[in-house]
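# A structural walkthrough
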Amino acid sequence: MKIRHVLVSTVGMCVLLSGCAQPPADQINAAEQAVKDAQQSGAATYVANDYAKVEGLLTAMKTEVAEQDGKFALLRDYGKAEQLAAATKTEAEAVKVAAVKKMEEAKFAATQAHQAAQASVASAMDLVAKAPAGKDRAALESIKTDAVALKASLNDVQMMLDKTDYLGAQTKAKAIQEKADAVSREIETALAKIGKGKAVAKKK
Amino acid sequence: MFQKNPSVEFSLWCAGALALCGSLTACVETVPPDMVEAIETLDRDLLQLRAAEVAPGEYASFAHQWVRLRTRVEAEEDTIRWPWESNDLKEALRQLQAEGARTVAHLAEQQEAERRAAVRQLTEVEERVQTLGVQVGAIDSRLILAEKPVETDLLLKQARAFYEQGRYEQSLHASDRASRHLAAQLALLQHELGRYASPDRIAQWQRSARETIEWSKTHRTTAIIISKAERSLTLYRTGQKVISYSVRLGFNGIKEKRYQGDGATPEGRYHVAAKRGRGQTQYYRALLLDYPNQEDRRRFLTDRKKGKIPAFRDIGGQIEIHGVDNELMAQTLGCVMLENQHMAVLFDRVDSGTPVTIVGALHADNSVARALANLPNHRDEI
């Protein structure tokens, strides 16, 4: 009787202990989802350092889980893994909030840059229309070609904005604005030197 | 029997207390704070270097060990040990610090290599674009490239901006795209102007010129040869060279003429169709040519059928050899322009019907062929 009691107790204890040695699946899934949400919110682009930290925590959590999984069932302890999962989830959620904010700031900056580029290109096109034929027809035609190309490039910026590539859009918009301003300065210099041009007699 | 001596007892007691104090001051903290600070600095450095992204395995190992050790650090922060006691936590922190420092050094080297690659490629493409600009400017062929130089320039500006922001991968990507745009420009120039470097085409032009000169010899009269690459007009009489003048061409003169308004000066065999003297032209004096000829019309119709010429474009006309209006323009709309004193001489020496042969070049070593040879075709050729 006593022996039976001891045996039953021992088996029961083993069952209990092995039940405790299970990885915290819900917490792990929650942590992974939080990191995925952060990634999808653009964290890797807009808050890269913080996102890298979260990725590091996730990897540390997975490593800890793998280590415990490799142990004998009775010796497993997922307490650390649970702590890491909780920390990962908390950090990832904070990173997501920061990323969304940064992305909105980047979107605003990109939109502003796009508008500034549009204004510069419009100004350049106005000047092109007033540019005199002058002595150097090739230079005038080159300027016209450049202005038209810049106008077409604004479409690329819009496409980047539509794809939420705000950093790329801002960089391109600034490049367009810089070029358009250079074209405007070139025409203004020519206007100052040459004055109004004459109409050309015949088309060739 | 020994008797208790209070002063000896007191001395012994003081010595013992002193010995204890001495031992206690020799005790050391389990967790040296400077070591913890150093490891935290390494962690920040690894994040800065984006270690989780570029070296995930190494960073995972570091992060995992640091998380574990940090828990022990927090637990044993206020403990002290005897100097002779072993300190496995300190040893583990030392090893982690060494491992972290190695990873930081490795990643910093990697990032520096990426930076060098980005600046090298960016500088190389910028130099190639500059070389192209010089060669294109030398032969007035900028318009052949249409909008492509702007697209390339915008990509280079983006590449430079990404580089200055430390985004080396994006800089490399942008400068790589710029390089491909540049290659497209070079291909376009070769397509449009390659005939200036073609021995067969040069020979064909030389043949046309020879036949025109021979005609002037046979018919004992004048003929004109115009070379676009050399920008020269030569008057022949009875097969002998009389005089040569520099000329200016259309604003896209070096190109083969395709349609009205393209700014190109045509190539082919023409004749003076009419002479326009003072008061009959705004350009001092002018010799109207019979452009387009039959060959021009045939080519125009073929190109239009192939879709190379927009349907709304006409073949053009009114190509002249003329003088200057009020001021000497840098280019014409497609005509051949001389200074008025030269136009005066030419006008008096030719008649209606005088053959005028316009060729691309008369020599293999011409300005356009030289410019094409100097183009930055390949990276290794810089």
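These lines cover the structure that appears in this document, whether it is placed above or below. (Residues numbered from 1 in each chain as written. Chains lettered and ligands numbered in written order. Predicted model: local features only at pLDDT ≥ 70, side-chain atom pairs only at ≥ 80, totals over all residues. Heavy atoms only, no water.)

A few words on the packing of helix α4 (residues 48–69) of chain A against helix α4 (residues 56–75) of chain B. Packing of α4(A) against α4(B) brings their axes to within 8 Å, and their N-to-C directions diverge by 75 degrees. It follows that α4(A) is roughly perpendicular to α4(B) by the angle criterion. Residues A52(A), K53(A), G56(A), T59(A), A60(A), T63(A), E64(A), E67(A) and Q68(A) of α4(A) pack against Y59(B), A60(B), A63(B), H64(B) and R68(B) of α4(B). Considering only residue class, the contact of α4(A) with α4(B) consists of five nonpolar, five polar and four charged. (Axes fitted to C-alpha atoms, helices over the stretch in contact; angles between N-to-C directions. Helix = DSSP H or I, 4+ residues; strand = E, 2+ residues; numbered from the N terminus. Parallel < 35°, antiparallel > 145°, perpendicular 65-115°, else oblique. Contact = heavy atoms within 4.5 Å. Nonpolar A, V, L, I, M, F, W, Y, C, P; charged D, E, K, R; others polar.)

This brings us to the environment of A52(A). Among the secondary structure elements, A52(A) is positioned in helix α4. The exposure class of A52(A) is buried, given its relative accessible area of 4%. Along the sequence, A52(A) and G70(A) sit 18 residues apart, while their C-alpha atoms lie 27 Å from each other. Here A52(A) is in contact with L47(B), A52(B) and Y59(B), once residues within four sequence places are set aside. (Buried < 20%, exposed > 50% of the residue type's maximum accessible area, 1.4 Å probe, protein only.)

Residue and element names in this part refer to chain B. If you walk through the whole model with that rule in mind, you get three aromatic pairs over all chains. Aromatic pair Y270 and Y291: ring centres 6.0 Å apart, planes at 65 degrees, arrangement edge-to-face. Taken together, the positions of Y270 in strand β6 (residues 268–276) and Y291 in the loop between β7 (286–289) and α9 (294–305) put the pair 21 residues apart, joining distant regions of the chain. A single burial state applies to Y270 and to Y291, both of which are buried. The cationic tip of K275 hangs over the ring face of F347; the distance from NZ or CZ to the ring centre is 4.5 Å. Over the ring of F347 we find R285, and its NZ or CZ is 5.6 Å from the ring centre. (Phe/Tyr/Trp six-rings, centres within 6.5 Å; stacked < 30°, edge-to-face > 60°. Lys NZ or Arg CZ within 6 Å of the ring centre and 35° of its normal.)

Facing the 44 residues of chain B at the interface are 40 residues of chain A. For the pair chain B and chain A, the summed buried area comes to about 3,800 Å², and 61% of that belongs to carbon and sulfur atoms. Of all residues in chain B, the largest losses of buried area upon contact with chain A belong to H64(B), L154(B) and L333(B), amounting jointly to 16% of the total for that side. One can count five salt bridges joining chain B with chain A. Between K157(B) and E178(A) there is a salt bridge whose closest N-O contact spans 3.5 Å. At the boundary of chain B with chain A, the tally comes to nine residue pairs in polar contact (both at pLDDT 80 or more). Elements with a minimum of two residues in the side of chain B that touches chain A: α2 (33–48), α3 (51–54), α4 and α6 (148–164) of chain B. For the side of chain B that touches chain A, the per-class residue count stands at 20 nonpolar, 13 polar and 11 charged. (Buried area = accessible area lost by both parts, 1.4 Å probe. Salt bridge = Lys/Arg side-chain N within 4 Å of Asp/Glu carboxyl O. Polar contact = N/O pair within 3.5 Å; in protein donor to acceptor, adjacent residues only side chain to side chain.)

In this section: the nonpolar core. Formed by 30 residues in total, the largest nonpolar core has its most connected members in L150(A), I176(A) and I187(A). Looking at this core, the elements with two or more residues in it are α5 (79–130), α6 (137–162) and α7 (166–194) of chain A together with α6 of chain B. Sequence-distant contacts of I187(A), that is, excluding residues within four places in its chain, are made with A124(A), L127(A), V128(A), A131(A) and I143(A). Ranked by size, the runner-up nonpolar core spans 28 residues in total, among them V272(B), I309(B), V336(B) and F347(B). (Core = buried A, V, L, I, M, F, W, Y, C linked by side-chain atoms within 4.5 Å.)

As a further point, take helix α2 (residues 25–40) of chain A. Residue and element names in this part refer to chain A. A rise of 1.5 Å per residue sets the reference length of α2, with its 16 residues, at 22 Å; its end C-alpha atoms lie 22 Å apart and thus fit the reference within 8%. Among all positions in α2, only I28, A31, A34, V35 and A38 are buried. In an axial view of α2, the angular spread of the buried residues amounts to 125 degrees, which keeps them on one side of the axis. Residues D26 and Q40 are exposed on α2 and point more than 90 degrees away from its buried face. Where α2 is buried, its residues contact α3 (43–46), α4 and α5. Just beyond α2, the residue with positive phi is G42, at close to 90 degrees. (Expected span 1.5 Å × (residues − 1). Arc of directions from axis to C-beta.)

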